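# Commentary on secondary and tertiary structure
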Number of protein chains: 2
Amino acid sequence: MGELGEFGLIALVNAGRTQTPGVLLGPGDDAAVIAAPEGRFVVTTDMLVQDRHFRTDWSSAHDIGRKAIAQNAADVVAMGAVPSAFVVGLGCPSDTPVEFVRELADGLWAEAGRAGASIAGGDMVRSPLLIISVTACGDPRRAPIRLSGARPGDVVAVAGKLGWSGAGLAVLSAATADAPDAPSADLLTEFAEVVAVHRVPQPPYEAVLELPDTVEITALTDVSDGLLADLGHIAESSGVAIDLTAAALAVPELEAAGKALGVNPLDWILAGGEDHAFAATFTDSTDLPEGWVRVGRVRAGSGVTVDGAPRSGLGGWESFA
Amino acid sequence: MGELGEFGLIALVNAGRTQTPGVLLGPGDDAAVIAAPEGRFVVTTDMLVQDRHFRTDWSSAHDIGRKAIAQNAADVVAMGAVPSAFVVGLGCPSDTPVEFVRELADGLWAEAGRAGASIAGGDMVRSPLLIISVTACGDPRRAPIRLSGARPGDVVAVAGKLGWSGAGLAVLSAATADAPDAPSADLLTEFAEVVAVHRVPQPPYEAVLELPDTVEITALTDVSDGLLADLGHIAESSGVAIDLTAAALAVPELEAAGKALGVNPLDWILAGGEDHAFAATFTDSTDLPEGWVRVGRVRAGSGVTVDGAPRSGLGGWESFA
């Protein structure tokens, strides 16, 4: 990378890319210019740190790029907004292979495309370890869907894969713990599906973006820290209690991995983290739209319970824990 | 920091802050919502890495916070846009003192206020070293001022302090080299002014934001990589040559530091980096507005010269050099 230099690298990662129409001015000037037809936009940012949020021996550069965009796009969509542009700060060691950076950029662009937007700008700097900072902007085509709108009597529903990412992380950890230099091929093969979801979450953007206007959604969030933690944010912001039904949350595909690793799959479902699914509350009279599964009920009170009882010992992801 | 946890820290850095009116929804939801009254916005991002872009033994946490915002706000203003909101990703070791984070946040907010905006959201993660990623958004109240509009015959002018930051960095380096554990107090005292500018650049936002509508500005950039390098971007984008007049660039305040360190101050002025001044081209018939100093002329051709000759050996800042 040192040979190409910053401007050579910027040219390389932008070569052959096509900006989406909402990007009125892309890379190459002091800042990008993005359309905001509604007179407002949403913005969110996440930082991913090597060996904390991803491992280069567990994920390809392409996977890491996709995940970095997916988790930010999910936050935009969780406001009821359509992603309009991403900017990406990339810190990497000067001996990083150029091919790694190219694949990472391809992954960023691939997921940006899935989310309907493009990479409008960025910054590349030298750093002792890989750091990826993504900022996502979006176009709120309807009133922003906040955390604070849930009301007692509302239905709680989820869209997307809960627990798969946590199960995949557990499989990767177990496979590596057995043989750090040569992860157990058996485990990785047997549970390839959950490992793939951990490497590249696939937020069901369309479950939110294609909601009919008639659907009365009252609160919405991205599930990133674990379902209990993220519904806890809705409960706290809305001043309500949420009770989940364990049977409705069951994911048959996680049973075998749970048995193999001695984990109750419900732990992954409730607190696994990095699901990048969506959790929402809807008025009771609304028919749940396609892609949404009813998993609980909003009540008066506070906190989140499962079958009426608190779940202890499941914290969800916490950055400085 | 580990004791407070991510959510405690987020509460701490946001306590007592007042969002500016353009921030329609601030921290606490999946994303912030920002006003874009013109139906479009500008966005830019920069990543600052500890010991590469700042040193905690050379700058206070407050100074580092101010600089991180200033360099991004300058990029927004260099498009002719008014900063409307910042989002900040912060990576830091779990043993970082809470007081350091509080002072850093105070610095971020102080400079955001100088730029007329507030910190609308962010992300805090654990990282082996300090990483600050700032994304700045802005409201283009006029047509974006691009790099590509300079035409032969235009006047080249600058606003802000050129070379001061480079001189300050040289003083800090020399003072530390003499006595790494106890920097030479003499040098730091004698040249305190340039050291202060290196620690906290003060982009003259008003020189751009208060330009009368009648002023015909044709191209504009933030001077961050060094005047030659940044004017080089205007020359290349516009397909023109730029010739600077050395006498017009002279900065008497840098003479003494140049003599003390054996450096030609013109080197700092042309290639020092981190000035966060502004360089622009104006039509010849326009009266230069207040705060702007004429330093050269746009001609047909390519490249940037000083008194008609190329300057070699001055590269400006390059991330992977």
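Keep in mind that what you see is a predicted model, and the values were worked out from it rather than measured.

## Looking at the UniProt feature "binding site: ATP" (unreviewed entry) in chain A
As recorded in UniProt, the sites labelled "binding site: ATP" (unreviewed entry) are Gly122, Asp123 and Ser224 of chain A. Spanning 103 residues, the named residues do not form one spatial group; their C-alpha atoms are separated by as much as 25.5 Å. Its location among the elements puts Gly122 of chain A in strand 5 (residues 119–126). The residues touching Gly122 of chain A, leaving out its near neighbours within four places in the chain, are Val88 of chain A together with Thr45 of chain B. The residue Ser224 of chain A is located in the loop between strand 8 (217–223) and helix 8 (227–238) in this model.

## Details of the packing of aromatic side chains
All names here are of chain A. This model, assessed by the stated rule, comprises three aromatic pairs over all chains. Seen in terms of ring centroids, Phe282 and Trp292 are 5.2 Å apart; in terms of plane orientation they differ by 75°. Their pairing is edge-to-face. Taken together, the residues Phe282 in strand 10 (residues 277–282) and Trp292 in the loop between strand 10 and strand 11 (293–299) connect sequence positions ten residues apart. Here Phe282 and Trp292 have matching classes, each one buried. Here Lys161 stacks its cationic end above the ring of Trp164, 4.9 Å away from the centre of that ring.

## Here we look at the UniProt feature "binding site: Mg(2+) 5" (unreviewed entry) in chain A
Residue and element names in this part refer to chain A. As recorded in UniProt, the feature "binding site: Mg(2+) 5" (unreviewed entry) lies at Asp225. Structurally, the position occupied by Asp225 is in the loop between strand 8 and helix 8. Note on Asp225: relative accessible area 12%, which makes it buried.

## Observations regarding the sheet that holds strand 2 (residues 32–35) of chain B
Taken in spatial order, the six strands line up as 5(A)-4(A)-6(A)-3(A)-2(B)-1(B) in an open sheet, and their pairing is mixed. At either end of the open sheet lies a strand with only one pairing partner, and these are strand 5 of chain A together with strand 1 (23–25) of chain B. Averaged over all pairs of adjacent strands, the angle between strand axes in this sheet comes to 25°, irrespective of strand direction. Judged from the eight bridges that link them, strand 3 (residues 40–49) of chain A and strand 6 (residues 131–139) of chain A form a sheet pairing that is antiparallel. Opposite Met47 of chain A, over in strand 6 of chain A, you have Ser133 of chain A as the bridge partner.

## Concerning the side chain of Ser238 of chain B
Considering the arrangement of structural elements, one finds Ser238 of chain B in helix 8 (residues 227–238). The residues touching Ser238 of chain B, leaving out its near neighbours within four places in the chain, are Leu147, Ser148, Gly149, Ala150 and Arg151 of chain B.

## Overview of unusual backbone geometry
Positive phi, close to 60°, is recorded for Glu274 of chain A, a residue that is not glycine. Position of Glu274 of chain A among the secondary structure elements: in the loop between helix 11 (265–271) and strand 10. Of note in the backbone geometry, His276 of chain B takes a positive phi value of approximately 50° without being a glycine. Structurally, the position occupied by His276 of chain B is in the loop between helix 11 (265–271) and strand 10 (277–282).

## Here we look at the pairing of strand 4 (residues 82–92) of chain A
All names here are of chain A. With respect to burial, strand 4 is a largely interior element, eleven of its eleven residues being buried. Two strands pair when backbone bridges link them, and strand 4 and strand 5 are joined in this way by seven bridges, in the parallel orientation. The residue of strand 5 that forms the bridge with Gly91 is Val125. You can see the chain leave strand 4, run along helix 3 (residues 98–114) and come back into strand 5, and the turn it takes is right-handed.

Reading guide: rules and limits
Residues numbered from 1 in each chain as written. Chains lettered and ligands numbered in written order. Predicted model: local features only at pLDDT ≥ 70, side-chain atom pairs only at ≥ 80, totals over all residues. Heavy atoms only, no water. UniProt positions renumbered as here; feature names shortened; annotations may be inferred. Helix = DSSP H or I, 4+ residues; strand = E, 2+ residues; numbered from the N terminus. Contact = heavy atoms within 4.5 Å. Phe/Tyr/Trp six-rings, centres within 6.5 Å; stacked < 30°, edge-to-face > 60°. Buried < 20%, exposed > 50% of the residue type's maximum accessible area, 1.4 Å probe, protein only. Lys NZ or Arg CZ within 6 Å of the ring centre and 35° of its normal. Pairing = 2+ DSSP bridges. Axes fitted to C-alpha atoms, helices over the stretch in contact; angles between N-to-C directions. Right-handed = clockwise from strand over helix to strand, strands pointing away.

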